[in-house]
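Now for the letters of each chain:
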Amino acid sequence: MSRSVLQPSQQKLAEKLTILNDRGVGMLTRLYNIKKQGQVWKACGDPKAKPSYLIDKNLESAVKFIVRKFPAVETRNNNQQLAQLQKEKSEILKNLALYYFTFVDVMEFKDHVCELLNTIDVCQVFFDITVNFDLTKNYLDLIITYTTLMILLSRIEERKAIIGLYNYAHEMTHGASDREYPRLGQMIVDYENPLKKMMEEFVPHSKSLSDALISLQMVYPRRNLSADQWRNAQLLSLISAPSTMLNPAQSDTMPCEYLSLDAMEKWIIFGFILCHGILNSDATALNLWKLALQSSSCLALFRDEVFHIHKAAEDLFVNIRGYNKRINDIRECKEAAVSHAGSMHRERRKFLRSALKELATVLSDQPGLLGPKALFVFMALSFARDEIIWLLRHADNMPKKSADDFIDKHIAELIFYMEELRAHVRKYGPVMQRYYVQYLSGFDAVVLNELVQNLSVCPEDESIIMSSFVNTMTSLSVKQVEDGEVFDFRGMRLDWFRLQAYTSVSKASLGLADHRELGKMMNTIIFHTKMVDSLVEMLVETSDLSIFCFYSRAFEKMFQQCLELPSQSRYSIAFPLLCTHFMSCTHELCPEERHHIGDRSLSLCNMFLDEMAKQARNLITDICTEQCTLSDQLLPKHCAKTISQAVNKKSKKQTGKKGEPEREKPGVESMRKNRLVVTNLDKLHTALSELCFSINYVPNMVVWEHTFTPREYLTSHLEIRFTKSIVGMTMYNQATQEIAKPSELLTSVRAYMTVLQSIENYVQIDITRVFNNVLLQQTQHLDSHGEPTITSLYTNWYLETLLRQVSNGHIAYFPAMKAFVNLPTENELTFNAEEYSDISEMRALSELLGPYGMKFLSESLMWHISSQVAELKKLVVENVEVLTQMRTSFDKPDQMAALFKRLSSVDSVLKRMTIIGVILSFRSLAQEALRDVLSYHIPFLVSSIEDFKDHIPRETDMKVAMNVYELSSAAGLPCEIDPALVVALSSQKSENISPEEEYKIACLLMVFVAVSLPTLASNMMSQYSPAIEGHCNNIHCLAKAINQIAAALFTIHKGSIEDRLKEFLALASSSLLKIGQETDKTTTRNRESVYLLLDMIVQESPFLTMDLLESCFPYVLLRNAYHAVYKQSVTSSA
């Protein structure tokens, strides 16, 4: 088979174009990074990051000398200026090698491109984007990549310094310049004004380039239409013609339909600048060029590097004779671009928002349509991507006066629908594969076979390739998709690219220019193969928005605008999703930037999700505040006024002024006269539902091999805020010692929890986990952040405020009311004790603190008791001799009287025991409340514990019994021996005192208390009040103190509790009987009231009986005492 000297198959045009285009992008990436960095890659171009030789003041003159003389450096004659670089030469070689050889690679790339362009010219290759799409596109891409590379190279300010310094160091080290240096230096000088140089360089390539560009005459104007034209054509609409909904979306130019408008404009503008002669001779070329110039003010060179087209074109043409007309065209186009482009693109984005929304909605309902309408999806993605990139580029590079057209507060919506379409393609990939596998084997293979059979001439090589296409497609089956087989048509696509190259050269036996139908059919088949094996690559090609990585400030600003606009907040998830694109902009020729781009994608994604969660948290907090206010209106304290009004109405009393407005009742806010009335709560709920839609949109997303879960951000923020809110709602003021009532706090917490539970209607989060984490932490002394909890605040308040005022005599414990009550004193207290200690408040406290928190409260109370017992023991030690004698002399009244006078600190002992009694009374209230609460929540468990406690055999080992008591105490059940008190007192054991001595002190303590009781009769405040079933100075609490302390102490010292209490009773009764014989009225003022203490001690004790008391103290005295105190109370009240 005869061929021309230059055989197309041997030139490997397809392979060279593919490799050089990929390498060109790699070189652009490396040059971009050199421009933006020194040794450390930084997007901000921080001068501190540049190599020290470029900024060191001492080396500045040497660097300036090298740049001035570049590319020639006379090293011998200028030793003085360059001498300072001598010391640094090895460092210069080491640190600048990467930069230097990047410039060398650019030079080699340029050589290869020039060689390939010459080969293409010699082969007289035919270019038409609608026929040999891959060949034309790759050819134009290569020219633009080459142009961009040379422009970017000319923008690197330090290029001469880097190359010159490296070469100088090389010459100093090796005695000769680097072999690439002369050519490299010349290239840098030649391309100072890259476009001007390339205009001269491209004169021989004008024919090929202009042919390729003019082939866009049908494609580009069709893509560059206004929004109204799109709307009239019902572009991208699946439902505009329901009858054709299932028909496959077809076009003669399939790959051109989703070709980037941005890429085409670069081809046209740069292409016609390079072969500008055609603009004067071809009206089509001129129209294309003017249309492109009117659409944009600047083009993206690479990432965020832009090229201001009108000024650059004008500067290039101004020096060419006879180009005044072109310069006027440029100026007219600039005016049009400035005045109309912004509004045109704004309207396009507006149209695309609704079009993509419709497309995404229909496809989510009927994913099967992704098969026939796949082209629409990729067109929609490409169109939207072009508009977003246009906006991003122009917003950053336009004069501020026309800023309105470049601020789009609805951009998030467009990005969101792009992401939704991408998600549909990824999710329903197998649906598309099934459709196109059948399409390829059942239709495309048949049509292609017919076309090949009808070819008049088909050389052997071409025939083999064509047959392989048909065979590959015929062999496909749906079963392969069902079996999960991995398809790979890259070989087939490369073969078609090669075939385009073979059949597009002049004198080709089979000319593609004469068989356009074959080209169009093959382009369609290639699109279909991509739908089977390259869906991810297609998504990157049509909708990659990794450019946002290089517009961080604009990206963050768009996100903030999105959150601020309630109607857009539902689309805010689009911004973190965009961070998943960032890694697709990296290139294997520049691996060092992967880490930095990855880090940026992670930090931005984290920041966006965190801000979204914060915004949602703030909305939830506002709703909670409103709901807490509403629930507060239902508190019992607010109904007093209503009740008093009702009572006054009945008694026909006129209260208040006549014109006084009637107070609104709770619930009025729910009565609506008009649906249009929107309350603040409505607005908050709407805003929250919109934002929660976004947070709930994806369960997780993978950014640079890191998985982000948006819902977890919300959960963690809710936990932190709920914790702070609970503590804040206690309204604890350390200065004034004010705190919220437990019942009111409980109401607020429940209102808060009700709102938080409703969040599960918006977002799939486990709110129970939030409650468990937060509320369990609140039962501890400190939370996980080391902050005080409600447990520590309430424990502190009850101990330091309420109980302290009790010991100061301002508050008394009223057993009849089971509450602490304020006593009338000169200085009124700032709080009402009853409102904090009655049974409902204690139950509310138990609900809030739970068993753990109540256990901590008990332990704190016991610590105070143990410190009082320690002081009591010291008093016993001071009086040990007297007490020892009194212990054995209780039946000798005279001797006892004499010994009693020798005792010191009698009042102190009674006061401390009373304090212990008060604390234990408070604890019994707390324990009873806890039991009530737990019996309501876990009745079966509590009854089991109760049964267990009640049936401990008497002979059980004390350690085992104490374990049962501990369990019972934790459930709020009363125990014969208080385990918490035993633990607190046993930790007091002194090292210097023997156990026997400790036991003796314990016994003598009981003696001390017993013999001191008669002194209480002389106290005016010791009078018993039947109404409160106690004494105003709290001495009725002694009963509990004596029993509990005795039980705990003699459990620790393994003594008999019963025997010791019998001894106590004997001593106490003999001492009290003695005051019955006293004649002094002052000493016996409240004798009867004190007698009743003996009855209380026995009633309180599980170890003593009334029979035992009768043997020590006649019951008749007790009966008379009760009669006397009741009679006295009736008299005093009368």
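Scroll up to find the structure this text is about.
In this report, we go over the structure that sits alongside the text. (Residues numbered from 1 in each chain as written. Predicted model: local features only at pLDDT ≥ 70, side-chain atom pairs only at ≥ 80, totals over all residues. Heavy atoms only, no water.)

**With respect to the pattern of salt bridges**
Following the criterion strictly, the structure yields 54 salt bridges and no others. Arg498 is the salt-bridge partner of Asp495, the closest N and O atoms lying 2.8 Å from each other. Residue Asp495 and its partner Arg498 are located together in helix α24 (residues 490–504), separated by three residues, close to a single helical turn. The partly exposed category is assigned to Asp495, whose relative accessible area is 21%. With its nearest N and O atoms 3.9 Å apart, the salt bridge here joins Glu611 to Lys614. On the criterion of helical spacing, the pair formed by Glu611 and Lys614 is a turn pair, its members being three residues apart in helix α29 (residues 594–632). Taken together, the shared-partner salt bridges connect Lys35, Lys36, Arg155, Asp304 and Glu305 into one network. (Salt bridge = Lys/Arg side-chain N within 4 Å of Asp/Glu carboxyl O. Helix = DSSP H or I, 4+ residues; strand = E, 2+ residues; numbered from the N terminus. Buried < 20%, exposed > 50% of the residue type's maximum accessible area, 1.4 Å probe, protein only.)

**A short note on the pairing of strand β5 (residues 811–814)**
Where burial is concerned, the two faces of β5 agree: the one with Ile811 and Tyr813 and the one with Ala812 and Phe814 are both buried. Direction of pairing for β5 relative to strand β6 (residues 819–822): antiparallel, over a ladder of four bridges. Note that in β6 the partner of Phe814 across the bridge is Ala819. What sits between β5 and β6 in their antiparallel hairpin is a turn of four residues, with Lys818 showing a positive phi close to 50 degrees. (Pairing = 2+ DSSP bridges.)

**Focus on the nonpolar core**
Grouped together as the largest cluster of nonpolar side chains are 375 residues, with contacts concentrated most on Phe272, Trp289, Leu356, Phe378, Phe548, Leu803 and Phe820. Considering every element that reaches this core, the biggest residue donor is helix α5 (residues 89–123), with 16 residues. Not counting chain neighbours up to four residues away, the residues in contact with Phe820 comprise Leu802, Leu803, Val806, Ile811, Ala812, Tyr813, Ala833, Glu834, Ser837, Val918, Phe922 and Leu925. Of all hydrophobic cores here, the second largest spans five residues; its members include Phe814, Val821, Leu823 and Ile1028. (Core = buried A, V, L, I, M, F, W, Y, C linked by side-chain atoms within 4.5 Å. Contact = heavy atoms within 4.5 Å.)

**Details of the packing of aromatic side chains**
Taken as a whole and judged by the stated rule, the model has 45 aromatic pairs. Here Phe101 and Tyr166 contribute two aromatic rings whose centre-to-centre distance is 5.7 Å and whose plane-to-plane angle is 75 degrees, an arrangement assigned as edge-to-face. A residue pair is termed long-range when its members are at least 10 positions apart, and Phe101 in helix α5 and Tyr166 in helix α7 (residues 159–174) qualify at 65 residues. The class for Phe101 is partly exposed, based on a relative accessible area of 35%. According to the relative accessible area criterion, Tyr166 is buried, its value standing at 6%. Consider the rings of Trp230 and Phe351, whose centres lie 5.7 Å apart with planes at 50 degrees: the pair is tilted. Taken together, the residues span a long stretch of sequence, with Trp230 in helix α12 (residues 227–232) and Phe351 in helix α18 (residues 324–365) at a distance of 121 residues. (Phe/Tyr/Trp six-rings, centres within 6.5 Å; stacked < 30°, edge-to-face > 60°.)

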